[in-house]
Amino acid sequence: MAPTVEIHRKQIGHPEWDEPFVVNMGPQHPSTHGVLRLFLELDGETIVGCDPRIGYLHRGLEKLSENLTYSQALVLTDRLDYISSAANNTGYCLAVEKLLGLSVPRRARLLRTIVCEMARISSHLLWLATHALDIGAMTVFLYCFRDREWLLDIYEKICGARLTVSYTRIGGVRLDFTPEIVEELYRFTEEFPARITDYETLIDVNRIWLKRTKGVAVVPPEKAINMGLTGPSLRGSGVPYDVRKFKPYDAYDEVEFEVPVGRNGDTYDRYRVRMEEMRQANRIIRQCLDKLPETEGEPVVAEGAPDLLMPEKKKSPQAVPHPKKGFLVKGAEVPVVPEGEVYVSIEAPKGELGYYIVSDGSGKPWRVRVRAPSFVHISAIPEMVKGHMVADIIAVIGTLDVVLGECDR
Amino acid sequence: MNPIRTIFLTEIAKGLWLTLRKMFSRPVTVQYPEEKKPVAPGFRGRHALVRDPETGRERCIGCLRCAKVCPSRCIYIETERDPETKRLVVKRYDVEVLRCVFCGYCEEVCPVNAIVLTEFYEYVGYRREDLYFDKERLLANWDEFLMTQKRPYFNPYWKPRGVPEKMLPAPKRKAEGV
């Protein structure tokens, strides 16, 4: 309990007022970014306890995918973190490709890297917009949505959908870029750094912004690791952990980028980390676009990649000659996907997104488990808000960048 | 904080100057019902069954690939054999749009490019039945959509760019616009 609360209680000296006051925040509160429900125990305006309740957006995606083939289950991953669906698709495809032992052509890897970084920018733009709006900066919200709209338009040109893209497929991507898309992306990467500078002009040294973010929800590096934070929330505390650097997937080993880290581990540092990450993402897109002409004309789907219409069951056994007796016997069932289990994690915009898939050889996954960063981050909220004011909980939810679609699945 | 900045509110003034400048730049707002943004080719919108210009019937051959690949299982097909020509004829082709997730798998796996998600997105209904498209409705959707298009119309998923030809069924390899 914060020391101020103790003093406050002593001054009051009333036995009934020693009980904390319980306030129910959400699930329909606009600042909880979805349907997060928090039981807040308050002493005056100080938070002494917090109990997050999740599950309001539970759709059973993990269970649903057990009844769909591998390529059909890909569509469900769009609905996990619906702001950065391309990154979710990529993670799932990487897991299934590892199971199948496929190697993706270089062009497809570059294209995936581009859409993943576009997802990172659009996710961080939405984060900045809503975080700033919650804290009280309306203009940033409007500017961010203007630029996010541009990215969504590019997504629409790439694959025909704006939010639930389903762009990757097992073994590559579904459509190649056209020259117009490459041109538009070049224009975007040229203009975007100036836009980031605009947002920074508005809030970077703004006194209201500084007062609301500096020193709020400080997480020391050891505590951040112990709480399981990943992504920008962890890097804000000064731990330079990034899956893209530690275990490069797709084309991240070909491109140069820096991993920005914070120093104090407060809300302001996490904001700075995300702003810098947008610049780095822009840089990665640029480098990938420069590499695209080298792979012109390459196929975007790997050799031997399964068709979209995968067989649901193991292939029926064929008669094979008996090795000794010389007559035909029933052979073993042929698995569609090799049996086994696999775990692959990627650096999604929110943090480390992992897929654990168990295969029993049929065309449907036996079990899919998603390690969602938002789920872990929500469990860190009670630790982070203790001793803060009620208004700061909005900043904490914003700074962790939780998406409930991913948390509840 | 810098004392000059604290007293003279320089950072606030800078931010206000930026918003003031933006007042004179071109607005990005689209006044939606009056003006509309052009839709990118291949946008996954309202469903339609392609009408074959030669026969005037649907192109669908009733192979059920779309019904099998659909993740939300929203396509229902019934076929029967024509007693004279001995060919499969599609008796019923229903799409339950309220269940559709608009992934575009159906148009990608269709070997004859019969089903298509058109670029039309403004459709609503007061009842569930309004958004339950049967075969006639789907064909009517196609006619309605083609009126707004410059011919020939070609959907990118009919012959996906960059996908090797040997992975595509034969009619898809030589797919052309309608």
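As a reminder, the structure under discussion sits directly above these lines.
Quick look at the structure, then. Predicted, not measured: the structure shown is a model, and the values here were computed from it.

About the cut-offs
Throughout this description, residue numbers start from 1 for each chain and increase along the sequence as written. Written order determines the labels here, with chains lettered from A and ligands numbered from 1. For a predicted model such as this one, the threshold for reporting local features is a pLDDT of at least 70, and the threshold for listing and counting side-chain atom pairs is 80 or more; totals across whole chains, interfaces and linings nevertheless cover every residue. Numbering of helices and strands runs from the N terminus, with a helix taken as a DSSP run of H or I at least four residues long and a strand as a DSSP run of E at least two residues long. The globule rule is 2.2 Å times the number of residues to the power 0.38, and the radius of gyration it is compared with is taken over C-alpha atoms. Partly exposed residues are those falling between the two cut-offs: more than 12 but fewer than 20 other C-beta atoms within 10 Å of their own, whereas 20 or more means buried and 12 or fewer means exposed, with C-beta atoms placed from the backbone. Working definition of a contact: two residues with C-beta atoms, positioned from the backbone, lying within 7 Å. Paired strands are those between which DSSP finds at least two bridges. In this description, a line fitted to the C-alpha atoms serves as the axis of each element, helices being fitted only across the stretch in contact, and the angle between N-to-C directions of two axes falls anywhere from 0 to 180 degrees. Working rule for helices: expected span equals 1.5 Å times residues minus one. The arc in question is the one spanned by the directions pointing from the helix axis to the C-beta atoms. The nonpolar class holds Ala, Val, Leu, Ile, Met, Phe, Trp, Tyr, Cys and Pro. Asp, Glu, Lys and Arg form the charged class, and all remaining residues, Gly among them, are polar. Note on terminology: a nonpolar core is a set of buried residues of type Ala, Val, Leu, Ile, Met, Phe, Trp, Tyr or Cys, with members joined through C-beta atoms within 7 Å.

1. A word on the overall build of chain B
Each helix and strand in chain B was counted, giving six helices and five strands. The secondary structure elements of chain B, listed N-terminal to C-terminal, are α-α-β-α-β-β-α-β-β-α-α. In terms of C-alpha radius of gyration, chain B reaches 24 Å, well past the compact-globule figure of 16 Å for 178 residues. The principal-axis extent of the C-alpha atoms belonging to chain B is close to 90 × 45 × 30 Å. Sorting the 178 residues of chain B into buried and exposed places 30% on the buried side. In chain B, of all internal contacts separated by at least 6 residues, the share reaching a separation of at least 24 is 70%.

2. As for the sheet that holds strand 3 (residues 46-53) of chain A
All names here are of chain A. In space, the three strands of this open sheet follow the order 1-2-3, with antiparallel pairing throughout. Here the strands that pair on one side only, and so sit at the sheet edges, are strand 1 (21-25) and strand 3. The mean inter-strand angle of the sheet, taken between neighbouring strand axes irrespective of direction, is 20 degrees. Relative to strand 2 (residues 37-43), strand 1 is paired through five bridges, and the arrangement is antiparallel. Looking at strand 2, one finds that Asn-24 is bridged to Phe-39.

3. Looking at the environment of Glu-176 of chain B
With respect to the helices and strands, the residue Glu-176 of chain B is situated in the segment after helix 6 (170-173). Measuring from C-alpha to C-alpha, the distance between Glu-176 of chain B and Lys-86 of chain B comes to 28 Å, with 90 residues separating the pair along the chain.

4. Topic: the pairing of strand 3 of chain A
Residues and elements named next belong to chain A. Bridging between strand 2 and strand 3 involves seven bridges; their strand directions are antiparallel. By the bridge assignment, Glu-41 is partnered in strand 3 with Gly-49. The turn joining strand 2 and strand 3, which pair antiparallel and follow one another in sequence, is formed by two residues; a positive phi near 65 degrees is taken by Gly-44.

5. Examining the sheet that holds strand 9 (residues 351-359) of chain A
Residue and element names in this part refer to chain A. Pairing is antiparallel across the open sheet formed by three strands, whose spatial order is 8-9-10. The open sheet has two edge strands with one neighbour each: strand 8 (340-348) and strand 10 (365-371). Averaged over all adjacent pairs, the angle separating strand axes in this sheet is 15 degrees, with direction ignored. In terms of strand pairing, strand 8 meets strand 9 through nine bridges, oriented antiparallel.

6. Thoughts on helix 5 (residues 135-147) of chain B
Residues and elements named next belong to chain B. Between its first and last C-alpha atoms helix 5 spans 19 Å; for 13 residues at 1.5 Å apiece the expected length is 18 Å, and the two agree. Considered for burial, the residues of helix 5 that qualify are Leu-138, Asn-141 and Trp-142. Down the axis of helix 5, the sector holding all buried residues measures 100 degrees, keeping them to one side. Every exposed residue of helix 5 that faces more than 90 degrees away from the buried side is listed here: Glu-136, Asp-143 and Met-147. Buried positions along helix 5 lie against strand 1 (47-49), strand 3 (88-96) and strand 5 (132-133).

7. A look at the interface of chain B and chain A
How large an interface is tends to be reported as the accessible area lost when its parts come together. Facing 29 residues of chain B, the contacting portion of chain A comprises 25 residues. Mapped by element, the contributors of at least two residues to the side of chain B that touches chain A are helix 2 (10-23), helix 3 (65-69) and helix 4 (105-109) of chain B. For the side of chain B that touches chain A, the element with the highest residue contribution is helix 2 of chain B, accounting for six residues. Tallied by class, residues from the side of chain B that touches chain A come to 17 nonpolar, five polar and seven charged.

8. Quick notes on the nonpolar core
With 137 residues, the main nonpolar core has Val-96, Val-115, Val-140, Ile-381 and Val-396 of chain A together with Leu-49 and Cys-106 of chain B as its most contacted residues. When residues of this core are assigned to their parent elements, the largest contribution, 17 residues, is made by helix 5 (residues 106-135) of chain A. Apart from residues lying up to four places away in sequence, Val-396 of chain A is in contact with Ala-217, Ile-381, Met-384 and Val-385 of chain A.

9. As for the environment of Leu-138 of chain B
All names here are of chain B. Relative to the assigned elements, Leu-138 resides in helix 5. You can call Leu-138 buried: it has 23 C-beta atoms within 10 Å. Put simply, Leu-138 and His-47 are 91 residues apart on the chain and 6.7 Å apart in space, counted from C-alpha to C-alpha. The contacts of Leu-138, once residues within four sequence positions are left out, are His-47, Ala-48, Leu-49, Tyr-93, Val-95 and Phe-133.

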